[in-house]
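Each chain, letter by letter, is given below.
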Amino acid sequence: MALMKILQYPDPRLHKIAQPVARVDDDLRRLAADMAETMYAAPGVGLAATQVDRHIRMIVVDVSEEKNQLMTLINPVIVAKDGEAVHEEGCLSVPGIYEKVTRAELIRVRAQNLEGESHEFDAEGLLAVCIQHEIDHLDGKVFVEYLSRLKQDRIRTKLLKQQRETM
C-alpha cells in the first residue's frame, strides 16, 4: 500500500466528473487500499478517488471511533433521501476549513463492494453526511461550493496563499 497525494482546492481537477467503474479487479482493490491508507494517515473519515486524481466512481469511508469499519463504495448512488440536517464539515482537499452545510438527514445508498456485488443500505448521521460529501466529489463538487460566493472567495484566497508559502 502507498500514500497518495491529495489534491488541494481550488485545483481544477477536483471539478472533473468521475466515470463509472466498469470492472472490479485487483488494480481497483489496490487503489482502494491505497486510498484507505491515505485517508487514515491524513487523518480523515472519507476520501473520493477524485481527490487523489483518479476520476472513477469510488469512495472509501470510515466514521468509526476505532477506525475499524472501512467501507469501500464503488459506483455509489443515493437512491432516496429524507429529512434535512446541518453539520459542520471539513475536507482533506480544503485543509483547516470547517463550515456548516445542510444535507439530507437519512439516505439510502446503492453501491458495489470490492467483489463487484451490488448492495443497498441506509445511512444517517455522520455516515450519511460523509457519503453525500464524497459523492459530491465524484460529481465534481467541493463542499465549499454550498457556501456564499464571499466565503468561497475568502477560502480560495487563504488556501492559495498557504500553498504559495509552502512552495
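Preceding block: the structure.
Residues numbered from 1 in each chain as written. Predicted model: local features only at pLDDT ≥ 70, side-chain atom pairs only at ≥ 80, totals over all residues. Heavy atoms only, no water.

Chemist: Looking at this structure, I do not really get the overall build of the protein chain. What am I missing?
Modeler: For the protein chain, the count of helices and strands is three helices and seven strands. The secondary structure elements of the protein chain, listed N-terminal to C-terminal, are α-β-β-β-β-β-β-β-α-α. The C-alpha atoms of the protein chain give a radius of gyration of 15 Å, which matches the 15 Å a tight globule of 167 residues would have. Expressed as lengths along the three principal axes of its C-alpha atoms, the size of the protein chain is roughly 45 × 40 × 30 Å. When each of the 167 residues of the protein chain is scored for burial, the buried share is 45%. Contacts spanning at least 24 positions in sequence make up 64% of the contacts within the protein chain whose residues lie at least 6 apart. (Helix = DSSP H or I, 4+ residues; strand = E, 2+ residues; numbered from the N terminus. Rg over C-alpha atoms; globule rule 2.2 N^0.38 Å. Buried < 20%, exposed > 50% of the residue type's maximum accessible area, 1.4 Å probe, protein only. Contact = heavy atoms within 4.5 Å.)

Chemist: I keep staring at the environment of R13 and nothing clicks. Help me out?
Modeler: Tracing the backbone through its elements, the reader meets R13 in the segment before α1 (26-41). By relative accessible area, which is 32% here, R13 ends up partly exposed. Each C-alpha atom, one on R13 and one on V52, is 9.5 Å from the other, the two residues being 39 residues apart in sequence. A distance of 3.1 Å separates a polar atom in the side chain of R13 from a polar atom in the side chain of D53. (Polar contact = N/O pair within 3.5 Å; in protein donor to acceptor, adjacent residues only side chain to side chain.)

Chemist: Looking at this structure, how should I read the pattern of salt bridges?
Modeler: Side chains bearing opposite charge may pair, as long as their charged atoms lie close to each other. In the structure shown here, the tally under the stated rule is 13 salt bridges. As a salt-bridge pair, D11 and R13 come within 2.6 Å of each other at their nearest N and O atoms. Relative accessible area serves as the criterion here: at 16%, D11 is assigned to the buried category. Among the charged side chains, a salt-bridge network with shared partners connects R108, R110, E120 and D122. (Salt bridge = Lys/Arg side-chain N within 4 Å of Asp/Glu carboxyl O.)

Chemist: What exactly am I supposed to notice about the packing of aromatic side chains here?
Modeler: When we look at a pair of aromatic rings, we describe it by the centre distance and by the angle of the planes. Counted under the stated rule, the structure contains zero aromatic pairs. We note K141 situated over the ring of Y146; from NZ or CZ to the ring centre the distance is 4.0 Å. (Phe/Tyr/Trp six-rings, centres within 6.5 Å; stacked < 30°, edge-to-face > 60°. Lys NZ or Arg CZ within 6 Å of the ring centre and 35° of its normal.)

Chemist: Explain the pairing of strand β4 (residues 85-91) here, please?
Modeler: One face of the sheet, then the other: side chains in a regular strand alternate in exactly this way. Where β4 lies against strand β5 (residues 94-103), six bridges are found, and the strand directions are antiparallel. Counted as the bridge partner of H87 is V101 from β5. Between β4 and β5, which pair antiparallel in sequence order, lie two residues. (Pairing = 2+ DSSP bridges.)

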